[in-house]
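Residues per chain are reported as follows:
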Amino acid sequence: MARKKVLFVCLGNICRSPLAEAIFKTRISEKKLIHLVDADSCGTANYHVGDLPDKRTIANARKNGIVISHRGRQISQQDLVYYDFIVAMDQSNYQNILRLESSEIYAHKVALMRSFDSVRDRDDVPDPYYGDEQNFQEVFEILDRSINSFIRFLESEHLKV
């Protein structure tokens, strides 16, 4: 079976999407499914290409038992072709992904992260960049719930062993 490829996308690729990638890799590894999945993250903007995640994201991940190993990058049209699932953190980035060249061919691959959230009180994962530690923890909890549900979806539909 071909490995499934998942890409998590936010604006700058230093807060939400690298955290989502790291949580996803951790949870997939815990389920002993890491050999079936490749994951990465990126931003729709080029603000932080080559940068490490925000220090508050790294601290929050560590506090929650997650290790982040990532350098920021910007999404490209080639990502639409390569990845099987492209998971946007909010409506704005979802729309930015769909503005990429040839995106209409690949739109079926793009989803909102919170479409997998069992406590979906809104569509967007809030951007914690201008917030405090509590905002980063709220984002962690949203992502952890959503990713657990996303993994159940993958297991039921796409990761048959």
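In what follows, the accompanying structure is described. (Residues numbered from 1 in each chain as written. Predicted model: local features only at pLDDT ≥ 70, side-chain atom pairs only at ≥ 80, totals over all residues. Heavy atoms only, no water.)

1. Considering the packing of helix α1 (residues 16-30) against helix α6 (residues 133-157)
Contact geometry for α1 and α6: axes closest at 9 Å, N-to-C directions at 50 degrees. Comparing their axes, α6 and α1 come out oblique. Once α1 is placed against α6, the crossing between them reads as right-handed. Residue-level inspection shows R16, L19, A20, I23, F24, R27 and I28 of α1 in contact with α6, the latter providing V139, F140, L143, D144, I147, N148, F150, I151 and L154. (Axes fitted to C-alpha atoms, helices over the stretch in contact; angles between N-to-C directions. Helix = DSSP H or I, 4+ residues; strand = E, 2+ residues; numbered from the N terminus. Parallel < 35°, antiparallel > 145°, perpendicular 65-115°, else oblique. Left-handed = near helix turned anticlockwise from the far one by under 90°. Contact = heavy atoms within 4.5 Å.)

2. Some points on α1
The terminal C-alpha atoms of α1 lie 21 Å apart, and with 15 residues this matches the ideal 21 Å at 1.5 Å per residue to within 8%. For α1, the buried fraction is high: 12 of the 15 residues fall into the buried class. Looking only at α1, the buried set comprises R16, S17, P18, L19, A20, E21, A22, I23, F24, T26, R27 and I28. On its buried face, α1 is in contact with β1 (4-10), β2 (37-43), α2 (55-63), α4 (91-98) and α6. (Expected span 1.5 Å × (residues − 1). Buried < 20%, exposed > 50% of the residue type's maximum accessible area, 1.4 Å probe, protein only.)

3. Describing the environment of I86
Note on placement: I86 falls in strand β3 (residues 85-88). Note on I86: relative accessible area 0%, which makes it buried. The sequence separation of I86 and D40 amounts to 46 residues, and the corresponding C-alpha distance is 9.8 Å.

4. Points about the packing of aromatic side chains
The way to describe two aromatic rings as a pair is by their centre distance and the angle between their planes. Across all of its chains, the model carries 10 aromatic pairs by this definition. Plain terms: the ring middles of F116 and F150 are 4.8 Å apart, the flat faces sit at 65 degrees to each other, and that makes the pair edge-to-face. Taken together, the positions of F116 in the loop between β4 (110-112) and α6 and F150 in helix α6 put the pair 34 residues apart, joining distant regions of the chain. Here a set of aromatic residues connected by ring pairs shows up, and it is made of F8, F24, F85, F116, F150 and F153. The ring of Y82 is capped by K5, whose NZ or CZ atom sits 5.1 Å from the centre of that ring. It is R56 that lies over the ring of Y129; its NZ or CZ is 5.4 Å from the centre. (Phe/Tyr/Trp six-rings, centres within 6.5 Å; stacked < 30°, edge-to-face > 60°. Lys NZ or Arg CZ within 6 Å of the ring centre and 35° of its normal.)

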